[in-house]
Structures are given as structure tokens and as C-alpha cells.
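Residue-level structure breakdown
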Amino acid sequence: MAEPFKNLISTRTVDTAGRHLQRVWPRFNRAAFEQQAASGLDALEFKARAMQLADALEATLPDRFAHAADLIEASLAPPTALDAEGEPVGLANNEHGETDEPGLRGWVVWSLAEFVARRGMGDLPRALACLHALTQRFSSEFAIRPFIQRHPDAVFATLAQWVHDPSAHVRRLVSEGSRPRLPWGLRLQALVADPAPTLPLLRALQDDPSAYVRRSVANHLNDIAKDHPDLVAAWVQTHRPSAGAQREALLRHASRGLIKQGHAPTLAAWGLARGLEGEARLQLSAHRAPIGGHIGLEVQLHSTATRPQTLVVDYLVHHVRANGGTSPKVFKGWKLVLAPGERCTLSKRHSLRPVTTRTLYPGRHRIELQVNGEVCAEAAFELTAQEPEGG
């Protein structure tokens, strides 16, 4: 069985942090830090562990923030290396903060950066300089967000300079740290309402040589699409005609949610404005299926067009909710070009196993076939209670 994700921050992490902080500051009260940081750590979930380490740092690092920031920077390992595609390498073996060189990197940086967010608000230039160093050893994407919220003009002026930073880690922070809806991070409500301050930054980074940076830009645009779908559709419409292969991939990843939803302006931007010219059928492998099992989907398409059709074929499952109602969820299916008069059959096995983000309830589940955003066929099955093991 895989080790729980939360164990990436462990008593080993605490020991490593204490050792390196004492190395750079012999007066550091390592015993007090480790006692507070490790107390009851095993009972805590992941984020709570990171916050407890930050609490211990607050209790034991110098009161003067500039001095504390100097010590944090001195405790760090060299920046995490990047491969030829600009992706981080070697971090998987250093998740607890241990490195071949003397210094810290990995998940412990979350706690170090949280300390900066808590204690550095009154010294913005020094705090941002420390986050600049920390993000090159893991990421400062969570810690920079309170600074954006409190000092947006000053931080965005710095981010505008960082888009040209030689470090891909720093350039990625520009995009990732300013995402409106970063998972696990403070929601930047002002940017949810109006993402305009980030758009020049994304424009400057969408052709970045690092895949690490470009993926962040795509996810940032996907965040914006949740609140401003037409803006992202217009972005694709504007930036796709001159796009090379890398930007094309970024724009497709950025608009993936809108394509699945059948958002008409986005489909038009990708040349998918027309629905299927022809016939579609959807058949299921069974009329009943248990929770924990699966059900097969077979799609038959027949083109009646006189030209090739580029089609995005997805399907919506209308899940039964606890109150008896239903809620739709779009699942990716296929992308294909259907020749004039062509018939084709597509098949897929849909899992009915519960996941952490969705509880499955018995009842009649309807499945709709969606081609280029238009529903063209449907079928239904009865989801039954999970069969007991050995039954």
C-alpha cells in the first residue's frame, strides 16, 4: 500500500529543518522547534502539518523579520534542477527536505514560505525576495497570495519584472501564485471578479520555453474560464491563429473545461461550432449495474455530410444525488475526424467506483452523448447498491 500523502511532511521533515536551521544559526533553539513542530504530528492532515511547522518557526526564529529571512535563505539547498523541457527533476527523492547538498528543499518550503507570509507583511521587498529564493526550491505559490490580496499594486509590479526572470521556477510563480482559484490556496476574490491584472503576465508567459511554466498558464486560464468563459474563448480566438505547437497545446488545455461544457464561443474558436451532420446512437452494455462496477458505452456515428467533420465526442452522466435530484458531470470521450459518409463505432468502459469528490447513490442514471457541444443521443441505466464481497 502506498504511503499516505500527508507523510511527505513528517517528523523526518522536522528533524531536517531543525538541523539546517541550527547549522546556519547556532543560537537556534532546535529542541524547542522540534518539540513544537512534531507534537501530535501523526494525527494531523497534510495542510495542518505544514501550518504546525510554521507555528514552530514563528516561535523560534528571530523576531526581526529581515534576520529570519536571511537565516531561511542561508538554510536552503541549491535551486531544484530542470530538465530539457523545463520540468523539475530530482524532487521526488527529496520530498522530506533532504538533499545531497547541505540545505533545505521540498515540502518543508511550504512551511518556510508560510512563515514569510505571516511575518513579512510589513517588509514587502524583503518578503518577496525571500519568496523568490524559496520558490526555486519548491514553490511559494500559497505564500504570495496574502501579499497579492494586501498589496496588489506593488506585488503585480514585481510580478511584471519576474516574467523575465532567468529561473523558470520564478516565472511559474508569476502565473501559479496569481491564479484566482488555486487549489489549497487563498481564493483571490478580487481576481475572481476581474482577472485583468493577470492577463499581461499570462500573455508574456504563454510562449515560455519551460513546459512547467506553460502548464501553469493553461491552468490559470482554466481558472478564469470558470467565471469568465467568454474572456477565455476570446483569448483562444485571438492567440490561436499565430500559435505554434506548444501554444496550441496550452490553449487546448486552458479551454478543456469549456469544450467539455459545450461552450459555444469556445467551440467556435476551435472550429467546432457545427454540430454533427448525421446520426448518432448510444447503447449501454447493461440496464443495471452496481456501485463499484462499470458500464460499457458504445457510440455509433454516421456522417451525412459532404465534407470531413472534426468532432469532439463527450458524454454527460446525470448522477443521482442524496436528495433524489440529479446533477450532470461531463466525461471526456473522443476526438476524431469523420469522413463524408463514414460510419464509425466508439466504445468506452465507464467506471462506477466512488471517488473522493463524488458519492454515488442508487437510482436511474441518464447518460447523454454530446458532439461538439450538442446532445444527440441518450440512454439510461439503473445504478444499484454495491454488491457485497463474495456475493
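This structure is a prediction, so every number in the text was calculated from the model and none was measured.

Side note on the packing of aromatic side chains
Scanning the model with the defined rule gives 14 aromatic pairs in all. A ring pair is formed by F46 and W110, whose centres lie 5.6 Å apart and whose planes are at 70°; its orientation type is edge-to-face. Highlighted residues: F46 in helix α3 (residues 46–60) and W110 in helix α5 (residues 108–119), separated in sequence by 64 residues. You can call F46 buried: its relative accessible area is 7%. Each ring, one from W110 and one from W184, has its centre 5.7 Å from the other, and the planes form 10°; the classification is stacked. Here the residue W110 occupies a position in helix α5, and W184 occupies one in the loop between α9 (168–176) and α10 (189–193), the gap between them amounting to 74 residues. Residue W110 is classed as buried on the basis of its relative accessible area, which comes to 4%. In textbook terms, an aromatic cluster arises when at least three aromatic residues are bridged by ring pairs, as seen for F5, F46, W107, W110, F138, F142 and W184. A cation sits over an aromatic face here: R252 above W270, 4.0 Å from the ring centre. Positioned above the aromatic ring of F331 is the side chain of K329, whose terminal nitrogen or guanidinium carbon lies 5.9 Å from the ring centre.

Some words on the pairing of strand β3 (residues 294–303)
A regular strand places its side chains so that they alternate between the two faces of the sheet. Of all ten residues in β3, seven are buried, a share of seventy percent or more. The sheet contact formed by strand β1 (residues 278–284) and β3 spans seven bridges and is antiparallel. Residue pairing for β3: G278 is matched across the bridge by S303.

A short note on the pairing of strand β8 (residues 374–384)
Direction of pairing for strand β2 (residues 288–290) relative to β8: parallel, over a ladder of three bridges. Bridge pairing links R288 to E382 in β8. The hairpin formed by strand β7 (residues 363–371) and β8 contains two residues between the paired strands, and N372 there has a positive phi angle of roughly 50°.

Some thoughts on α5
Since the α-helix advances by 3.6 residues per turn, residues separated by three or four positions end up pointing in the same direction. In a regular helix each residue adds 1.5 Å, so twelve residues correspond to 16 Å; α5 covers 17 Å between its end C-alpha atoms and thus fits that length. Most of α5 is tucked away: ten of the twelve residues are buried. Along α5, the residues classified as buried are V108, V109, W110, S111, L112, A113, E114, F115, V116 and A117. Here the buried face of α5 lies against α1 (11–24), α3, α4 (65–74), α6 (124–134) and α7 (144–150).

Conventions used here
- Residues numbered from 1 in each chain as written.
- Predicted model: local features only at pLDDT ≥ 70, side-chain atom pairs only at ≥ 80, totals over all residues.
- Heavy atoms only, no water.
- Phe/Tyr/Trp six-rings, centres within 6.5 Å; stacked < 30°, edge-to-face > 60°.
- Helix = DSSP H or I, 4+ residues; strand = E, 2+ residues; numbered from the N terminus.
- Buried < 20%, exposed > 50% of the residue type's maximum accessible area, 1.4 Å probe, protein only.
- Lys NZ or Arg CZ within 6 Å of the ring centre and 35° of its normal.
- Pairing = 2+ DSSP bridges.
- Expected span 1.5 Å × (residues − 1).
- Contact = heavy atoms within 4.5 Å.

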